[in-house]
Amino acid sequence: MRVDVLGVGFDNLTMEEALDRGMELLHSPGAHYVATPNPEIVEICRENLAARQAVNGASLVLADGIGIIKGARILGTPLKARAPGIEFAAGLMARMAEKGLSLYLLGAKPGVAEAAGEKLTAKYPGLRIAGTRDGYFQEDGPVIEAIRESEADCVFVCLGAPKQELWMARHGEATGAHLLCGLGGSLDVFAGVVERAPKFWSDRGLEWFYRLCKDPRRAGRMMKLPLFLVHVWREKGRR
Ligand code: UDP
């Protein structure tokens, strides 16, 4: 049973459990996808039905940030742990490397996925990068075909939300991969283009603040955070 936070159902798993499940899905027939919503994405889902259906249609829905953990706790249905997308991706790649599985990197600006691929191959010996492609394409067909031809086991789809969730829901099956993971700006971090918040900040649930200081243009998007908490308190009153 999923934990409902404002219409988005989260799987109540520790990181280890999420990784076990991810590996199971990688070895199951058909295509499966993972979504890692943060409060901003939950707010998008409140207003956009197609986005909500795409996120809830994922085989694995992980709580990306501290905001979701706080929201679930306020609603009286706490989640075991947060499972940030980028850490889930790192854990998954370590396990995939042990099994010699292959990964396709889709998304970010031209050159970023390629640079990320080089760094990841060095970091996870055994992991095979089946292909890379930037996220600014006009037609889906050639991208789907390229992934299909690469015979990748897994695809990291990093197009930002809700574009990546809609893309995975619609085209996941056609790519031939068993697992697709929607991971926002992760390729920028893997490539070293964007820095992740130091542990000091993330341990205190202040990664969002660090990102805001580094890139004040995010301020508009971050207004969704307080709005999310207002909606959570309203929902608690309603329940
Ligand atoms: N992006 C893309 N295609 C698009 C729009 C965005 O590949 O049409 C990429 C963008 O370059 C960035 C990522 O998607 O690498 C979204 O990053 P953001 O910081 O918004 O994601 P977050 O991690 O905050 O969810």
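Thresholds, definitions, all that
Residues numbered from 1 in each chain as written. Predicted model: local features only at pLDDT ≥ 70, side-chain atom pairs only at ≥ 80, totals over all residues. Heavy atoms only, no water. Core = buried A, V, L, I, M, F, W, Y, C linked by side-chain atoms within 4.5 Å. Buried < 20%, exposed > 50% of the residue type's maximum accessible area, 1.4 Å probe, protein only. Contact = heavy atoms within 4.5 Å. Phe/Tyr/Trp six-rings, centres within 6.5 Å; stacked < 30°, edge-to-face > 60°. Axes fitted to C-alpha atoms, helices over the stretch in contact; angles between N-to-C directions. Helix = DSSP H or I, 4+ residues; strand = E, 2+ residues; numbered from the N terminus. Parallel < 35°, antiparallel > 145°, perpendicular 65-115°, else oblique. Left-handed = near helix turned anticlockwise from the far one by under 90°. Pairing = 2+ DSSP bridges. Right-handed = clockwise from strand over helix to strand, strands pointing away. Near = heavy atom within 4 Å. Polar contact = N/O pair within 3.5 Å; in protein donor to acceptor, adjacent residues only side chain to side chain. Nonpolar A, V, L, I, M, F, W, Y, C, P; charged D, E, K, R; others polar.

Looking now at the nonpolar core. V5, F10, L79, L106, V155, V157 and W167 are the most contacted members of the largest nonpolar core, which has 38 residues in total. In this structure V155 touches L103, Y104, L106, I147, A177, L179, L180 and C181, once residues within four positions along its chain are discounted. Core analysis: the next-biggest nonpolar cluster, separate from the first, contains 37 residues, L19, L25, A89 and M96 among them.

A separate point is the packing of aromatic side chains. Overall, the coordinates contain 4 aromatic pairs when judged by the stated rule. Ring geometry for W201 versus F209: centroids 6.0 Å apart, planes at 40 degrees, classification tilted. Relative accessible area serves as the criterion here: at 26%, W201 is assigned to the partly exposed category. Residue classification places F209 among the partly exposed residues on the basis of a relative accessible area of 33%. Residues W201 and Y210 carry aromatic rings whose centres are separated by 6.1 Å and whose planes lie at 45 degrees to one another, so their mutual orientation is tilted. Given the relative accessible area of 12%, Y210 is considered buried. Members of the aromatic cluster, joined through ring pairs, are F200, W201, F209 and Y210.

Here we take up the packing of helix α2 (residues 39–47) against helix α3 (residues 49–56). Here α2 crosses α3 at 125 degrees, and the two axes come no closer than 5 Å. Considering the angle they form, α2 stands oblique to α3. In the packing of α2 onto α3, the handedness of the crossing is left-handed. Contact with α2, carried on its side by I41, I44, C45, R46 and E47, involves L49, A51, R52 and V55 of α3 and no other residues of that element.

Now for the pairing of strand β3 (residues 32–35). The alternating pattern of β3 places H32 and V34 on one face and Y33 and A35 on the opposite face, and all of these are buried. Summarising the sheet, β3 and strand β8 (residues 179–182) pair through 3 bridges and their orientation is parallel. Looking across to β8, one finds that V34 is bridged to C181. Two strands pair when backbone bridges link them, and β3 and strand β4 (residues 60–61) are joined in this way by 2 bridges, in the parallel orientation. For A35, the partnering residue across the bridge sits in β4 and is V61.

It is worth spelling out the pairing of β8 at this point. Burial of β8 is two-sided: the residues L179 and C181 facing one way and the residues L180 and G182 facing the other way are all buried. In terms of strand pairing, strand β7 (residues 154–158) meets β8 through 4 bridges, oriented parallel. Residue pairing across strands places C154 opposite L179, the latter belonging to β8. Following the chain from β7 across helix α8 (residues 163–175) to the adjacent parallel β8, one finds a crossover that is right-handed.

A separate point is the environment of A113. By the secondary structure assignment, A113 is in helix α6 (residues 112–123). Put simply, A113 and A146 are 33 residues apart on the chain and 15 Å apart in space, counted from C-alpha to C-alpha.

A separate point is the site of the ligand. Residues in close proximity to the ligand total 15 residues, the closest being A108, G135, Y136, K163 and D188. At a separation of 2.7 Å, an oxygen atom of the ligand approaches a polar side-chain atom of K163. R211 places a polar side-chain atom, nitrogen or oxygen, 3.5 Å from an oxygen atom of the ligand. Classifying every residue of the shell around the ligand gives 4 nonpolar, 5 polar and 6 charged.

Examined against the element boundaries, S102 turns out to sit in strand β5 (residues 102–107). If near-sequence neighbours (up to four positions away) are discounted, S102 is found in contact with M96, R128, A130, E151, A152, D153 and C154.

What follows concerns the sheet that holds strand β6 (residues 128–133). Strand order in the open sheet formed by 6 strands is β4-β3-β8-β7-β5-β6, with parallel pairing between adjacent strands. Of all strands in the sheet, those with a lone pairing partner are β4 and β6, marking the two edges. Where helix α5 (residues 85–99) meets the sheet, it contacts β3, β4, β5, β7 and β8, and its direction lies at approximately 160 degrees from that of β7. Those strands touched by helix α7 (residues 140–150) are β5, β6 and β7, and its axis lies near 165 degrees from that of β5.

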